[in-house]
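# Structure assessment
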Amino acid sequence: MDDGFLMEVCVDSVESAVNAERGGAGRIELCAGLVEGGTTPSMGLLQVVKQCVRVPVFVMIRPRGGDFLYSDREVEVMKADIRLAKLHGADGLVFGALTEDGRIDTELCTALLAVCRPLPVTFHRAFDMVHDPLVALETLISLGFERVLTSGCDSSALEGLSLIKRLAEQVMSPARCVTLALFPPGGGITERNLQRILEGSTASEFHCSARSARDSGMKFRNPNVAMGASFSAPEYSIKVADVAKVRTLNAIAKNIL
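Described below are features of the structure shown in this document. (Residues numbered from 1 in each chain as written. Predicted model: local features only at pLDDT ≥ 70, side-chain atom pairs only at ≥ 80, totals over all residues. Heavy atoms only, no water.)

Quick look at the overall build of the protein now. Scanning the protein for helices and strands turns up eight helices and ten strands. By the burial criterion, 48% of the 257 residues in the protein qualify as buried. Look at the contacts in the protein between residues 6 or more apart in sequence, and 68% of them connect residues 24 or more apart. As displayed, the protein offers around 12300 Å² of accessible surface, 52% of which is attributable to carbon and sulfur atoms. (Helix = DSSP H or I, 4+ residues; strand = E, 2+ residues; numbered from the N terminus. Buried < 20%, exposed > 50% of the residue type's maximum accessible area, 1.4 Å probe, protein only. Contact = heavy atoms within 4.5 Å. Areas by Shrake-Rupley, 256 points an atom, 1.4 Å probe, with all protein chains shown as cover.)

Take a look at the structure:
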């Protein structure tokens, strides 16, 4: 924490993790599959990232893309991944689970939290898919989540700003004693709107990816073959956290606070 705020950068590679720390990130959220909103990274990636950075590394626990309604077997995968992440040095975990009617799955979250402890846990953007965010926030507080990642249940933090502010006020009530933090997520956070988002939300922490495209070093390129679906990122353009972008966002936040 620096000057009253913390910047968390979401990364999916060692290079991005190193760049995020160099740019001033106070925490890293380590994922795979950022095109799908983030899935569980490999333990090899976690091990090497932990060797290369000093800032805390929170690990995404999400067995697949798509919704947040999990089968019994998927739950077993999540529990196994939590245990492995703890074994390989995770400083915190990030997960979320919902019922079919759009409420927090309290039974599953309680079970997963028990496996995560004593590490801190963030409830991720599954929160933005809940039926009633104000009720959902109370549920997360009662369960013991330290943080919630949200865009205010809208397409970006800027569009969801009014709800983010209401949620922040709900958490910051003088009568409450909680350590829940609200993150305007990377969906839409840029140098142009960060000041408005932070000032409008009263958030003390923010989350972004701050990435730029870097051209592949491959000299031979086969234009007729793609490694993924048609909407996937091209093989010869790699997105990584941009040191300059991270520094700029960090500087903006420091000037505000």
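Relative to the helices and strands, Ser204 is located in the loop between α7 (194–201) and β8 (205–208). Given the relative accessible area of 33%, Ser204 is considered partly exposed. For the pair formed by Ser204 and Phe5, sequence separation is 199 residues and the distance between their alpha carbons is 4.6 Å.

This next bit is on the pattern of salt bridges. If you walk through the whole model with that rule in mind, you get twelve salt bridges. The partner of Arg125 in a salt bridge is Asp128, with the nearest N and O atoms 2.7 Å apart. (Salt bridge = Lys/Arg side-chain N within 4 Å of Asp/Glu carboxyl O.)

Along the chain, Ser151 falls in the loop between β6 (147–149) and α6 (161–171). Since its relative accessible area comes to 0%, Ser151 is described here as buried. Polar side-chain contacts of Ser151 include one of 2.7 Å to the backbone oxygen of Asp154. (Polar contact = N/O pair within 3.5 Å; in protein donor to acceptor, adjacent residues only side chain to side chain.)

Residue Pro118 follows Arg117 across a cis peptide bond; omega there is 10°. Considering the arrangement of structural elements, one finds Pro118 in the loop between α4 (106–116) and β5 (121–123). Of note, Cys153 is a non-glycine position whose phi angle comes to about 60°, a positive value. Structurally, the position occupied by Cys153 is in the loop between β6 and α6. If you check the backbone angles, Ala210 has positive phi at about 50° while not being a glycine. Looking at the element boundaries, Ala210 is found in the loop between β8 and β9 (211–215). Given the relative accessible area of 9%, Ala210 is considered buried.

What follows is about the nonpolar core. Within the largest apolar cluster, 66 residues are counted, with the highest numbers of intra-cluster contacts made by Val9, Phe95, Phe123 and Phe206. Of the residues forming this core, the biggest block, six residues, is contributed by α4. Judged by nonpolar contacts, the second largest core, of six residues, contains Cys31, Leu34, Phe58 and Val94. (Core = buried A, V, L, I, M, F, W, Y, C linked by side-chain atoms within 4.5 Å.)

Let's shift gears to the packing of aromatic side chains. Under the criterion given, the structure shown has two aromatic pairs. On the basis of an interplanar angle of 65° and a centroid distance of 5.4 Å, the ring pair of Phe95 and Phe145 is categorised as edge-to-face. You can see Phe95 sitting in strand β4 (residues 92–95) and its partner Phe145 sitting in the loop between α5 (133–143) and β6, a full 50 residues away along the chain. Pair check on accessibility: Phe95 and Phe145 agree, each one buried. With 5.3 Å between their ring centres and 85° between their planes, Phe123 and Phe145 make a pair best called edge-to-face. Of this pair, Phe123 sits in strand β5 while Phe145 sits in the loop between α5 and β6; the two residues are 22 residues apart in sequence, bridging distant segments of the chain. Here the two residues Phe123 and Phe145 agree in accessibility, since each one is buried. One aromatic cluster is present, formed by Phe95, Phe123 and Phe145 through successive ring pairs. (Phe/Tyr/Trp six-rings, centres within 6.5 Å; stacked < 30°, edge-to-face > 60°.)

Keep in mind these values describe shape, not function.
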